[in-house]
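Overview (structure and organization)
The lines below spell out each chain.
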Amino acid sequence: MKVLKFGGTSVGSVESISKLLQIVEKEDKNTGNPVVVLSAMSGVTNLLSAMAGKASQGGTFRDELKELEERHFEVIKELLAVSRQNPVFTQLRILFNEIEDLLQGVSMLRELTPQTRDVILSYGERCSTFMVSKIAGQEKDNTIYVNAADLIKTDSSFGQAKVNIELTEMLIRDFYEKNKNKMLFVTGFIASNDEGRITTLGRGGSDYTAAIFGSALNAKEIEIWTDVNGMMTADPRMVKKAFSLPELSYTEAMELSFFGAKVIYPPTMIPAFMKKIPIVIRNTFEPDFAGSVIKHNCENSNLPIKGISSINDISIINIEGSGMVGKAGFSGRLFSLLAREQINVILITQSSSEHSITFAIHPGDAVRAQQVIEHEFELELLAKKLDTPVFEQGLSVLAIVGENMKQTPGISGKLFHALGRNGINVRAIAQGSSEYNISVVISREDLNKGLNAIHDAFFADLHKTLNLFCLGTGNIGKTLFRQLQEHRQFLQEHNGIQVRVVGIGNTRKMYFDPEGIDLDNWEKALEGTNQIADLSGFVQKMKDMNLPNCVFADNTASLKPIEFYHEIFSANISIVTCNKIGNSSSYEQYRLFKDTARIHGVDYFYETNVGAGLPIVRTLKDLMISGDRILSIEAILSGTISYIFNNYKGDVTFHDIVKQAQEKGYTEPDPRDDLKGTDFMRKMLILARDAGYPLEAEDVNIESMLPKSCIEAGSVEEFYSELKNENAFFENMKKQAEAEGKVLRYIAKLENGKATINLQMVDDSHPFYALSGSDNIISFTTDRYKERPMVVKGPGAGADVTAAGVFADIVNVGAQ
């Protein structure tokens, strides 16, 4: 036989009770009469508690009492045949009158004792169980209402009574034998002492009732029906990717439940644990879902951990001082004191030097704990053998749990890497020798981020989520959004990464959505927002959202975002940028960005600073970290200039080919940034720095290809006019090259720490002679690639390839 327990949400409405009855009917057909244990209707226990509190203060409770009646009567009217309603209404009115009489007595005495409170709260289960038993009885005539107070015997610790297991099991077995052919509907939560006075079993009391009955009757299984799909890997309200665990051990379930998983309360599992009776957590509203089985022997799991749990609000107390070192009995004295004062200790950690002890308690106990500790250790404090205890609030405990953690190397490393990479400071750590649990104390404001970061780190079958903030919605930004949307499925299937764009900004507006922005409608969302663009506000919002695995993508060519890079890195947010200004300004700034990213354990990827999507920066980095020595670098790193000189032949004028390049999107907004060699210089400067040379912009020797009049033109329009005026200058260069069988190439070279850029005429023996389109080319001569240099060649400009390079950098952040 089975014991079926239904929680408050399962008896909370007409709809849920209908589902409950269907589940019971199905079980009855499959295995015979189950024992059904019921909680009060959802919210009723809190309602009764509030009424009792008001009565003790002399307040009115009429409205709440009326609400209590209406909720129960509504269910009866909907689910019970009219001919059967009056006897049930009559009995419920008797119960409600008893509640009213008790509350009147409390109001007159202005006193609410624990014993009276237990009696008042017991009516929640008594009313719901009586009501449901009668509704079930119209389809099955062998149902019987059972007041568990007649069978479960406890001491007189009202509110948290301790069960006399031996006597209780004897009474339950005896009662069950006499009613073997009946379906028992049993009140959860309530019991009675030896004098027959009502007691309650405390938090999780109805689950405890089910476990007691299951143990007494040696049930095949105890099913806990609630409103979630079993035990989850994390709190689904905080971790959207949390999923149900098919099975877990009693130890794992107890550890998860102790640290905040509210599906089941740890002590309620003990009777089942002792008899090795499986406990199944199932969802009343999805009865076909298998749920989670808690049992003695679980199948081997490939999951490194079973779940992540947390206690949202705790305080920690740190006690330290020389008087603790080698002092036998100090810890016993401290924790005995807390036990006497009924102060529950959640977590303890002590340094191996014995110089300090840190422990966590509930915030409500913090002031009292401080007072009793300072009183108990008054002499030690006065003698300076102990420092004044330090109390910290606004903290949370986060715990990873699983039997597979035992003797598995790397679990702790993965945990702390995930926390550290997301800038989450650990205030205290605790792990028992059993290795079933590693607990850390962190700031409460980091709890959500920590849970999600750790969930992504440990559950590899899920997709790691990168939260992306994008600045710039020009050609590159738009193309990037399109590529992210088009390749979303591919990324998830082949890279295990989900990129969720959560913030978009341009020079006019900014828009945020922590759940992710729909990339099919991002323009509409951005235009529809009333948030005016503000870079400082954009960065602050990124920090305030405090999401895990954050990436900031700078798709602009503006100086302004660069001013915030240091602040972004310091907030443990990685940066991916196609903006060259940050790395090509002062060497001091370049070094600051690299060092800050390293110190905070985040990524700084800028592949598209040089050669758009070509693997140039990464290739140089790989050569360097593998110990190769760079002898020289030769390059054409301007897709614009490459396009211009590859197509500057025949009758076309230099003015026309530059205009054409700008129309195709190859040039910077002002083409002179390319033609003056400024953009080229920035790229070469970045490569020189990445190669280990601390060069400044003025150290790069640039020979301009433009006449002075073109360089000094006041606007882009005037620049184009001067190009026409200087046509003869460019024609002479072209004709000279053609006459010698050569082509014009604008080439940069880094050798012996010196960088030069100049216009050269090269013949067909040169590797740069055969360039076409807007291709870039770079040649690395190193100790390993001396006789035949390593060459990288391909398109080095255009929105598609640049966006693809940014895309690749984002994916590489996810791979870290």
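See the structure shown above.
Figured I'd write up the structure that's included with this text. (Residues numbered from 1 in each chain as written. Predicted model: local features only at pLDDT ≥ 70, side-chain atom pairs only at ≥ 80, totals over all residues. Heavy atoms only, no water.)

1. A few points about the nonpolar core
Grouped together as the largest cluster of nonpolar side chains are 75 residues, with contacts concentrated most on Phe 469, Phe 552 and Phe 654. Broken down by element, this core gets its largest block of residues, 7 residues, from helix H26 (residues 678–690). For Phe 469, the contacting residues outside a window of four places in its chain are Val 502, Gly 503, Phe 512, Phe 538, Met 542, Met 545, Leu 547, Cys 550, Val 551, Phe 552 and Ala 553. The next biggest cluster of nonpolar side chains, apart from the first, holds 63 residues, and it includes Val 3, Tyr 176, Leu 245 and Phe 459. (Core = buried A, V, L, I, M, F, W, Y, C linked by side-chain atoms within 4.5 Å. Buried < 20%, exposed > 50% of the residue type's maximum accessible area, 1.4 Å probe, protein only. Helix = DSSP H or I, 4+ residues; strand = E, 2+ residues; numbered from the N terminus. Contact = heavy atoms within 4.5 Å.)

2. A closer look at the packing of helix H2 (residues 44–56) against helix H3 (residues 62–79)
Running from amino to carboxyl end, H2 crosses H3 at an angle of 155°, the nearest separation of the two axes being 10 Å. Considering the angle they form, H2 stands roughly antiparallel to H3. The hand of the H2/H3 crossing is left-handed. Here Val 44, Leu 47, Leu 48, Met 51 and Lys 54 of H2 come into contact with H3, specifically with Glu 64, Leu 65, Glu 67, Leu 68, Arg 71 and His 72. Class assignment of the residues belonging to the contact of H2 with H3 gives a composition of 6 nonpolar, 1 polar and 4 charged. (Axes fitted to C-alpha atoms, helices over the stretch in contact; angles between N-to-C directions. Parallel < 35°, antiparallel > 145°, perpendicular 65-115°, else oblique. Left-handed = near helix turned anticlockwise from the far one by under 90°. Nonpolar A, V, L, I, M, F, W, Y, C, P; charged D, E, K, R; others polar.)

3. Comments concerning helix H5 (residues 114–137)
A rise of 1.5 Å per residue sets the reference length of H5, with its 24 residues, at 34 Å; its end C-alpha atoms lie 35 Å apart and thus fit the reference within 8%. Counting buried positions over the 24 residues of H5 gives 19, a clear majority of the element. (Expected span 1.5 Å × (residues − 1).)

4. Focus: the packing of helix H15 (residues 475–486) against helix H30 (residues 799–814)
Here H15 crosses H30 at 60°, and the two axes come no closer than 8 Å. The orientation of H15 relative to H30 falls into the category oblique. Seen from above, H15 lies across H30 with right-handed handedness. The residues of H30 that touch H15, namely those facing Asn 475, Ile 476, Thr 479, Leu 480, Arg 482, Gln 483 and Leu 484, are Ala 799, Asp 800, Thr 802, Ala 803, Ala 804, Val 806, Phe 807 and Ile 810. Taken together, the residues of the contact of H15 with H30 sort by class into 9 nonpolar, 4 polar and 2 charged.

5. Quick notes on the sheet that holds strand E14 (residues 390–401)
Reading across the sheet, the 6 strands line up as E12-E13-E11-E14-E16-E15 and stay open at both edges, with antiparallel pairing between neighbours. Edge positions in the sheet fall to strand E12 (345–350) and strand E15 (428–431), since each of these pairs with one other strand and no more. Between one strand axis and the next, the sheet turns by 30° as a mean value, whatever way the strands run. Two elements, E15 and strand E16 (residues 437–443), share 4 bridges in a ladder whose sense is antiparallel. Residue pairing in the sheet places Ala 430 in a bridge with Ser 439 of E16. (Pairing = 2+ DSSP bridges.)

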